Amino acid sequence: MVAAMLRLVAQLLHAALMLAAAPLLLGLIRHLRARLLGHAGPPLVQPWRDLIRLARKQPVLAESASPLLGAAPFVDFAASLAAASLVPGFALGMITAPLADLLLLAGLLALAQVALALAAMDVGTATGGIGASRATALAAFAAPALFAVIFALALAAGTTNLDSLATLRNRGTIGFSAAHGLALAALIIIALAGNGSVPADHAAARWGVRCDYSGRHLALVEWAASLRLLLMLSLIVAAFAPFGAANAAGTLLAWPVGLLAWGVKIVVLAFGLAVAETAAARLRLSRLPELLGVALALALLAVILLCVGQGFA
Amino acid sequence: MPDLALGLAAAGGAGLCALGLAGPLRPRVARIGTVALGAAEALVVLVFLAAGAPAEHLALPLGLPGAGMLLALDGLSAFFLLLMLLVGTAASAAALPVAGGAAFFPPLLGAMMLTLLAGDGFALLLGFEGMAVAAFALVLAAPAEPAARRAALRSRGMAGLGTICLIAAVGLLAVPQPGGIDLGFAAIRAHPPEGWRAGLVLVLVLIGVGSQAGLVPLHVWLPSSHASAPVPGGAALAGAMTAVAFYVLIRLSFDLAGPAQPAWWGVPLIVIGAAGAVLGGLRATLEADIRSVIGAATICHAGLIAAGLGLALAARASDLPSLAALAFGGALLQAMAHALAATLLFLVAGAVQQNAGTQHLSRLGGLIRGMPATTLAALAGFASLAALPPSAGFAGVWMLLQAAIAAPRIGGLPLQMLVAVAAMAMALGVALAGAASVRLVGVGFLGRPRTPRAAAAQEPALAERVAMLGLAGAGLLVGLFPALALALARKALLLAVNAGMAGRTGVFAIAAQAEAPGYGAPGLAVLFALALALAWAFARTRSPAGYRTAPAWDGGSGAPPVWLPFGDPATQYGEASFSQTLRATLGRTLLGARETVEAPPPADTRPAHLAVRAHDPATMLLVRPALRLHRTLVRMAARLQALSLRHALALAFAALVLLLLAVAITEPS
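A quick note: this is a predicted structure, and the numbers were derived from the prediction, not measured.

Conventions used here
- Residues numbered from 1 in each chain as written.
- Chains lettered and ligands numbered in written order.
- Predicted model: local features only at pLDDT ≥ 70, side-chain atom pairs only at ≥ 80, totals over all residues.
- Heavy atoms only, no water.
- Helix = DSSP H or I, 4+ residues; strand = E, 2+ residues; numbered from the N terminus.
- Rg over C-alpha atoms; globule rule 2.2 N^0.38 Å.
- Buried < 20%, exposed > 50% of the residue type's maximum accessible area, 1.4 Å probe, protein only.
- Areas by Shrake-Rupley, 256 points an atom, 1.4 Å probe, with all protein chains shown as cover.
- Lys, Arg positive; Asp, Glu negative; His and termini not counted.
- Charge placed at Lys NZ, Arg CZ, Asp CG, Glu CD.
- Contact = heavy atoms within 4.5 Å.
- Buried area = accessible area lost by both parts, 1.4 Å probe.
- Salt bridge = Lys/Arg side-chain N within 4 Å of Asp/Glu carboxyl O.
- Polar contact = N/O pair within 3.5 Å; in protein donor to acceptor, adjacent residues only side chain to side chain.
- Nonpolar A, V, L, I, M, F, W, Y, C, P; charged D, E, K, R; others polar.
- Pairing = 2+ DSSP bridges.
- Phe/Tyr/Trp six-rings, centres within 6.5 Å; stacked < 30°, edge-to-face > 60°.
- pLDDT = per-residue confidence, 0-100.
- Patch = residues over 30% accessible without salt bridge, like charges linked within 9 Å, V, L, I, M, F, W, Y side chains within 5 Å.
- Expected span 1.5 Å × (residues − 1).
- Bend = angle between axes of the 7 residues up to and from the residue.
- Axes fitted to C-alpha atoms, helices over the stretch in contact; angles between N-to-C directions.
- Parallel < 35°, antiparallel > 145°, perpendicular 65-115°, else oblique.
- Core = buried A, V, L, I, M, F, W, Y, C linked by side-chain atoms within 4.5 Å.
- Left-handed = near helix turned anticlockwise from the far one by under 90°.

Peer 1: Explain the overall build of chain B to me, please; I cannot follow it from the model alone.
Peer 2: In terms of regular secondary structure, chain B is built from 26 helices and 7 strands. The globule rule puts the C-alpha radius of gyration for 669 residues at 26 Å, and the 26 Å found for chain B is close to it. Across its three principal directions, the C-alpha atoms of chain B cover 95 × 70 × 60 Å. Considering chain B as a whole, with its 669 residues, one finds that 56% of them fall into the buried category. Carbon and sulfur atoms make up 70% of the accessible area of chain B, which amounts to about 27200 Å² in all. Once the 38 positive and 24 negative side-chain charges of chain B are each reduced to a mean point, those two points are 8 Å apart.

Next up, the structure:
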């Protein structure tokens, strides 16, 4: 009974932490990027200020749109928050641990992307159409690569449940071999492409689907986008380096340690993302399928190495 | 009472065929009678499944002279019968055609029931061919353009090819007995085929069923045939016909061929399934009208189901019953999700055709304003087609992908690599089906209307709306509680792979291994609802209520001219523009898609034209060479008509000599 209460409290804290930290992460990345380029950079809490300012405003909806345009930001936010709550952060074994399936996470991200694309088509403008078309195509290219990474992780752990995978890694049951390194590289490429970071930074795909939102709707959509970025970084941490995470049903003293460990890892990944964005150049849109094909090839190689190495052959 | 369920089902099937006679005279009686009979039969089958599905047999005096016909009902046929009756009843309520077509719609249902209730090869083949004949008659009875009749003839030809191959397969499976052959399933089960006969049976069954279910490479005819079927009516049952075709595949390859077949039996199905998933998904993103898109998505889902069945065959032969049950259960769940979604979407397409006047996406748009319930049903159907949680399609795809992830246990590096590549192809196919769904809903139902007719579209009648939303609700129920569908399929799993999903399915979750976490759909729904409530609370407390409307921002472009009341149609993304990225990349390599621009010379004020050409690889590699071969054979045969008397006599003499030689060689000494 006490254990169940602790796991519930850990889950609520985790959800609140993800909600609070997502705009801060975005602010950190922007600040670091500006610093690397020699500017002073916006303050770290600027995205939070933007969200509060946008929430105070009444939205303006296009006349040609249907009620779907008003509903899509809520569906997008709910799907992104549900996915972010499932990825373990500072604690393993939260109350939603049995639900934290990797295929389900992919499905929730797809649901958020579909909601945004449909709303962009709903307005009936060219910008919305371009954004929806390119975002949908990029999601279609990224899907087999993401599934290949899930396949590799599931071969290593014997399950697609992210919480079980992280627990097994912490216990040392799964080692870190070359195959895992390849899968990590593939997941990093997919995360970059999915977030619209350089080298997959395309104004049309990234901003086109947010073209006609304002007020609280724009606040929800931007918050959801930053939640998805934090979710991908947290997924990389949980799948490949979850050491230091506390046991939700264990002692309360381990929670601050887990929080510190998770925070440090996310900041390190954010720094790496900022460096990658300033160091790399943007790829042409027609080259993006090749980039995701590289991710697919790396993940497929990881799968084959694991098949051979585990003695299934 | 013994054999009660089977007797009632057989009586119901005969009643449906009889209702066809009443169709032209009393359409309302036919419609109400079909719906009532279908619903009653579905209830009977549901009770039969809940009671544990004991096998039942019935011998009918009709049929082959001297032998009659055998009917049988067991867990496998009862599952598919329930599925077919559910979607058939909903389709009848909404789409029973008036005038000529009404004579053939109930018999189509009756023929499907005969296929599912068959207890021997004769009844199976009679039902299979009856299905094709009734569907063909439905198309001919309605007035249609020449292109539609050509497509109907093509589908009839493919169905005929399927029946011929199935006749050959049943003939190879039949057991010789003194005085003839025994076509009964019980006798065939006792004498499973071996060696080259078994391999030939597999090939014939794959061709026979593949032409009906849309398996690669026999899928070419499917999208155009669905697009040209008359509305309302035949197309609505396309989902049920695919399910019946898969039933025939399972019955012949899993049940009658016996569990002793080698592991490589699964490999053709896995390869065909993976290829079908990718080709079907890609074609769905490129087709130009609603029913073609649904037909192409049917090819994609048929590929997924076939790949699952292939994995189950390979796992069963490698003595991994739990993996076989996972793969087979996933295939059945996906078949159920697909039948519900496809029927729902064909009903939606019928409603759009009747109320907006066209199926072409380039003449639709903005239907959500006049047809909100239809759009809601379309969203539910396409969410299932795109495998978005928590729909039924996601539950089926989840189980199939879990089976693919666990498949390396079967062993052998070549098989493992094949399964890995096939699983990537399945994931790509699902993602492409998702892209096609977004494209169809975004271009056809959302946005601004492209023609005045689309702007004036209104909702269909109440019966159609109830049927569509009922199917959507059934799909959502299956998606939230997939354990229910798997419980209905429990006996079917035992019959096919001799294992069950015991310990892996519960009300709140389904799992791949016992005592392990899996996919918890109700939990996900609760989590999603809580997140939605949080967003709503945020909006209510932190934001002023209400909203204002203004012309769309559109990047700062000005208002459209006054003579375009719905805005300029050229500034809205259409069906060809939406798929441009996928067409230029995947379409270029897989489907040979080419875009040509014909620009007029300078100072000519005519508009430029963009033409998009794509062809299915199966057309180039299979259909065109087959047509060339056909033409060559016809030319050779035509020479026979111009033979002189001398040559004709010599031909007859040579044929007689060859026949005598054949008899002499093959006669047992």
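Peer 1: Before we go on, may I ask you to explain the interface of chain B and chain A in this structure?
Peer 2: The parts lose accessible area when they come together, and the size of an interface is often stated as this lost area. Tallying the contact residues gives 73 residues for chain B and 76 residues for chain A. Across the chain B to chain A interface the summed buried area is about 6300 Å²; carbon plus sulfur atoms make up 75%. Contact with chain A buries area across many residues of chain B, yet B:Ile405, B:Met424 and B:Tyr573 alone supply 10% of it, more than any other trio. At the junction of chain B and chain A, the tally comes to 0 salt bridges. Counting across the chain B and chain A interface gives 18 residue pairs in polar contact (both at pLDDT 80 or more). When residues of the side of chain B that touches chain A are traced back to their parent elements, those giving at least two are helix 14 (367–370), helix 16 (392–406), helix 17 (413–445), helix 22 (521–542), strand 5 (548–550), helix 23 (575–578) and helix 24 (580–590) of chain B. A breakdown of the residues in the side of chain B that touches chain A according to their chemical character gives 48 nonpolar, 19 polar and 6 charged. With 3 bridges connecting them, strand 1 (residues 60–62) of chain A and strand 5 of chain B associate as parallel partners. Within strand 5 of chain B, the position partnered with A:Leu61 by the bridge is B:Thr549.

Peer 1: Whenever I open this one, the packing of aromatic side chains confuses me. Can you help?
Peer 2: Residue and element names in this part refer to chain A. Following the criterion strictly, the structure yields 11 aromatic pairs over all chains and no others. Taken together, a centroid distance of 5.4 Å and an interplanar angle of 70 degrees make the contact between Trp 48 and Trp 223 edge-to-face. You can see Trp 48 sitting in helix 2 (residues 46–55) and its partner Trp 223 sitting in helix 9 (residues 215–240), a full 175 residues away along the chain. Given a relative accessible area of 25%, Trp 48 falls into the partly exposed group.

Peer 1: Would you explain unusual backbone geometry in this entry?
Peer 2: As a rule of thumb, non-glycine residues mostly have phi less than zero, and peptide bonds are mostly trans rather than cis. Residues and elements named next belong to chain B. With an omega of -5 degrees, the peptide bond between Val 216 and Pro 217 qualifies as cis. Along the polypeptide, Pro 217 turns up in the loop between helix 8 (195–213) and helix 9 (222–228). Look at the link from Pro 389 to Pro 390: it is a cis peptide, with omega at 0 degrees. Position of Pro 390 among the secondary structure elements: in the loop between helix 15 (372–385) and helix 16. A positive phi angle, close to 65 degrees, is found at Asp 319, a residue other than glycine. Relative to the helices and strands, Asp 319 resides in the loop between helix 12 (290–317) and helix 13 (321–356).

Peer 1: Explain the confidence of the model for chain B here, please?
Peer 2: Residue-level pLDDT values for chain B average 88, and 97% of them are 70 or greater. Here the predicted complex scores 0.94 on pTM and 0.96 on ipTM.

Peer 1: Got a minute to help me understand a positive patch on the surface in this structure?
Peer 2: There is a patch of like positive charges on the surface, built from B:Arg624, B:Arg628, B:Arg631 and B:Arg635. Take B:Arg628: it is sitting in helix 25 (residues 617–641).

Peer 1: Would you mind showing me how to read the pattern of salt bridges here?
Peer 2: Two side chains that carry opposite charge are able to pair once their charged atoms sit near each other. Evaluation of the coordinates by the stated rule reveals 13 salt bridges over all chains. A salt bridge links A:Arg33 to A:Glu277; its shortest N-O distance comes to 1.9 Å. Taken as a pair, A:Arg33 in helix 1 (residues 2–36) and A:Glu277 in helix 10 (residues 254–279) lie far apart in primary sequence, 244 residues in all. Taking the relative accessible area as the measure of exposure, A:Glu277 reaches 8% and is therefore buried. As a salt-bridge pair, B:Glu595 and B:Arg583 come within 2.8 Å of each other at their nearest N and O atoms. Taken together, the residues span a long stretch of sequence, with B:Glu595 in strand 6 (residues 594–598) and B:Arg583 in helix 24 at a distance of 12 residues. Overall, the relative accessible area of 4% leaves B:Arg583 in the buried class.

Peer 1: Would you mind showing me how to read the environment of A:Arg56 here?
Peer 2: Position of A:Arg56 relative to the elements: it lies in the loop between helix 2 and strand 1. A:Arg56 gets classed as exposed once you look at its relative accessible area, which sits at 58%. In this structure the C-alpha to C-alpha distance between A:Arg56 and A:Arg216, which are 160 residues apart in sequence, comes to 7.1 Å. Filtering out sequence-adjacent residues up to four positions away, A:Arg56 remains in contact with B:Arg542 and B:Pro544.

Peer 1: Even after reading the chapter, I still don't get the environment of B:Ala461, so can you show me in this structure?
Peer 2: Its place among the elements puts B:Ala461 in the loop between helix 18 (452–455) and helix 19 (462–480). Spatially, the C-alpha atoms of B:Ala461 and B:Gly33 are 19 Å apart, while their sequence positions differ by 428 residues.

Peer 1: Honestly, helix 1 of chain A in this entry has me stumped. Any pointers?
Peer 2: Since there are 3.6 residues in each turn of an α-helix, residues three or four apart along the chain are aligned in direction. Between its first and last C-alpha, helix 1 of chain A extends 48 Å over 35 residues, near the 51 Å set by a 1.5 Å rise per residue. Where helix 1 of chain A bends most, the angle comes to about 30 degrees, and this point is A:Ala21, followed within four residues by the proline A:Pro23.

Peer 1: Got a minute to help me understand the packing of helix 5 (residues 121–141) of chain B against helix 6 (residues 146–173) of chain B in this structure?
Peer 2: Residue and element names in this part refer to chain B. In the contact formed by helix 5 and helix 6, the axes pass within 10 Å of each other and the chain directions differ by 175 degrees. In terms of their interaxial angle, helix 5 and helix 6 are classed as roughly antiparallel. Mapping the contact onto sequence places Gly 121, Leu 125, Phe 128, Glu 129, Ala 132, Val 133, Phe 136, Val 139 and Leu 140 in helix 5 and Arg 149, Ala 152, Leu 153, Arg 156, Ala 159, Gly 162, Thr 163, Leu 166, Ile 167 and Val 170 in helix 6. Across the contact of helix 5 with helix 6, the residue classes tally to 13 nonpolar, 3 polar and 3 charged.

Peer 1: Help me understand a nonpolar patch on the surface in this model?
Peer 2: A cluster of nonpolar side chains, contributed by A:Met1, A:Val2, A:Met5, A:Leu8, A:Leu12 and A:Ile95, occupies part of the molecular surface with about 630 Å² of accessible area. Judged by relative accessible area, A:Val2 falls into the exposed class, the value being 63%.

Peer 1: Got a minute to help me understand the nonpolar core in this structure?
Peer 2: General note: in soluble globular proteins, nonpolar side chains tend to be found buried as a group. All names here are of chain B. By size, the foremost hydrophobic cluster in this structure holds 333 residues, and its most contacted members are Met 112, Leu 309 and Phe 328. Here this core takes 24 residues from helix 13, the largest share from any one element. Setting aside anything within four residues of it in sequence, one finds Met 112 in contact with Met 84, Met 131, Leu 237, Ala 240, Met 241 and Val 244.

Peer 1: How do you make sense of the packing of helix 13 of chain B against helix 16 of chain B when you look at a structure like this?
Peer 2: Residues and elements named next belong to chain B. It is the contact of helix 13 with helix 16, at a shortest axis distance of 8 Å, that shows an interaxial angle of 155 degrees. Compared by their axis directions, helix 13 and helix 16 come out roughly antiparallel. Crossing of helix 13 against helix 16: the hand is left-handed. Counting all contacts with helix 13, which are made through Leu 323, Leu 326, Ala 327, Gly 329, Gly 330, Ala 331, Leu 333, Gln 334 and Ala 337, the residues of helix 16 involved are Ala 392, Gly 393, Ala 395, Gly 396, Val 397, Met 399, Leu 400, Gln 402, Ala 403 and Ala 406. Partitioned by chemical class, the residues of the contact of helix 13 with helix 16 number 13 nonpolar, 6 polar and no charged.

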